[in-house]
Amino acid sequence: MMNNYPYSENELLEIASKFNKHLKGHFDTLKNACPRIDQNFIYRFKALFYEARIHHSTRDKEQNTQELKLDLIHLAERARSLFLTIRFYIQKAFPYDYKMWEAYEYCEIEKVINDYTSLSACLEGFIKLINEKRHELITANCPENSMIEIIELSKQINDKHDELTNHLKKIEKSNKTHQTNLNELFKLMEIVNETALKCLQNEPETLKVLTFPSQL
C-alpha cells in the first residue's frame, strides 16, 4: 500500500506529535471553525497516533525474523552434515548401484541448502531411502542414531520453515495495517492544518504547532 503523505514516517510522526499535544487545548476554537473536529475526531486522532508510534518503535519483530532464519540455517547445516555421512554408507552398502548413487550423491545438498523447497524435496527422498534400506545401511555400519537424527531434523526444518512463513505473514499484515493507519492519520492532520490556517492566524505560535511545516 502506498502512502499518501509527502513526509518520511519519522517526519510525519514528529508533526503528529505536536498536533496531538496541542489539539485538546485549542479544541473549542477548532471545533467552532470545523464541526468535523468533534470529540470523536480527537479520540480517533490520538488512537491512530499512539498505534503508529508503538508500531514504529517496535524492533522485536525484526529480531525474531533474524532468529528464525538463523535457526533454519543451523538446522539445514546439521542436516547437510548428516546427509554427507549417510551418503558414504549408501555407497558402501550399494557399491554397484550407480542409479542410487546418482539419486543421492548428486542431490547437491550444498546448493539447495538455502532453497527450502529443494532442500525439503532432497531430504524427503533421502529419508524414504533410509526407511526402505535401513537394514542394508546398518549392515554397512551406518550409525543408526544418524539416520534417526536426520529424520527428526527434516521434521524440525519443516516446522521451523512454517513458523518463519507464518511470522512473515503476520508482519506483512501488521505493516499493511500500520500504513493504513498512517494514511488515515495524515488525512486527519490535513483537516487540522486547514482549520488552523483559517482560525488561528492571530496566534502565530499556536499556528506553528497545528499546521504542517511551512517549507513543505
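What you see is a predicted model; the values in this text were computed from it and never measured.

Draft legend 1. Molecular detail of the overall build of the protein chain. The secondary structure content of the protein chain amounts to 10 helices and zero strands. From first element to last, N terminus to C terminus, the protein chain shows the α and β order α-α-α-α-α-α-α-α-α-α. For 216 residues, the compact-globule estimate of 2.2 N^0.38 gives 17 Å, and the C-alpha radius of gyration of the protein chain, at 30 Å, exceeds that figure by more than 25%. Taken along the three principal axes of its C-alpha coordinates, the protein chain extends 95 × 30 × 20 Å. Residues counted as buried form 39% of the 216 residues belonging to the protein chain. Long-range contacts, defined here as pairs at least 24 residues apart, represent 75% of the contacts in the protein chain between residues at least 6 apart. Total accessible area on the protein chain is roughly 13200 Å²; 50% of this is exposed by carbon and sulfur atoms. The centroid of the 29 positive side-chain charges in the protein chain is displaced by 5 Å from the centroid of its 32 negative side-chain charges.

Draft legend 2. Here's a closer look at the environment of Arg44. Note on placement: Arg44 falls in helix H3 (residues 39-57). Residue contacts for Arg44: discarding those within four places in its chain leaves Asn181, Glu184 and Leu188.

Draft legend 3. Main features of the packing of aromatic side chains. What the rule picks out here adds up to nine aromatic pairs. Judged by centre distance (6.1 Å) and plane angle (55 degrees), the ring pair of Tyr5 and Phe186 falls under tilted. In this pair, Tyr5 sits in the segment before helix H1 (9-23) while Phe186 sits in helix H9 (residues 144-199), placing the two residues 181 residues apart along the sequence. Accessibility expressed as a relative area gives 7% for Tyr5, which makes it buried. Assessed through its relative accessible area of 5%, Phe186 is described here as buried. Joined through ring pairs, the aromatic side chains of Tyr5, Tyr7, Phe19, Phe45, Phe186 and Phe212 make up one cluster.

Draft legend 4. Main features of the pattern of salt bridges. Inspection of every chain in the model, using the stated rule, returns eight salt bridges. Across the pair Lys160 and Asp71 runs a salt bridge, and its minimum N-O distance is 3.5 Å. Taken together, the residues span a long stretch of sequence, with Lys160 in helix H9 and Asp71 in helix H4 (residues 60-93) at a distance of 89 residues. Taking the shortest distance from any N to any O, the salt bridge between Glu172 and Lys176 comes out at 3.7 Å. With Glu172 and Lys176 both in helix H9, this residue pair falls four residues apart, about one helical turn. Residues participating in the shared-partner salt-bridge network are Asp71, Lys160 and Glu163.

Draft legend 5. Examining unusual backbone geometry more closely. One non-glycine residue, Asn141, adopts positive backbone phi at about 70 degrees. When you line up the elements, Asn141 lands in the loop between helix H8 (134-139) and H9.

Draft legend 6. Examining the nonpolar core more closely. Ranked by size, the top nonpolar core spans 31 residues in total, and within it Ile37, Phe41, Phe45, Leu185, Met189 and Leu210 carry the most contacts. Where this core is concerned, the elements lending two or more residues are H1, helix H2 (27-33), H3, H9 and helix H10 (204-209). Of the residues forming this core, the biggest block, eight residues, is contributed by H9. If near-sequence neighbours (up to four positions away) are discounted, Ile37 is found in contact with Phe27, Leu30, Lys31, Ile42, Ile191, Val192 and Thr195. Membership of the second largest hydrophobic core comes to 25 residues, among which are Leu75, Met147, Ile150 and Leu164.

Rules used throughout
Residues numbered from 1 in each chain as written. Predicted model: local features only at pLDDT ≥ 70, side-chain atom pairs only at ≥ 80, totals over all residues. Heavy atoms only, no water. Helix = DSSP H or I, 4+ residues; strand = E, 2+ residues; numbered from the N terminus. Rg over C-alpha atoms; globule rule 2.2 N^0.38 Å. Buried < 20%, exposed > 50% of the residue type's maximum accessible area, 1.4 Å probe, protein only. Contact = heavy atoms within 4.5 Å. Areas by Shrake-Rupley, 256 points an atom, 1.4 Å probe, with all protein chains shown as cover. Lys, Arg positive; Asp, Glu negative; His and termini not counted. Charge placed at Lys NZ, Arg CZ, Asp CG, Glu CD. Phe/Tyr/Trp six-rings, centres within 6.5 Å; stacked < 30°, edge-to-face > 60°. Salt bridge = Lys/Arg side-chain N within 4 Å of Asp/Glu carboxyl O. Core = buried A, V, L, I, M, F, W, Y, C linked by side-chain atoms within 4.5 Å.

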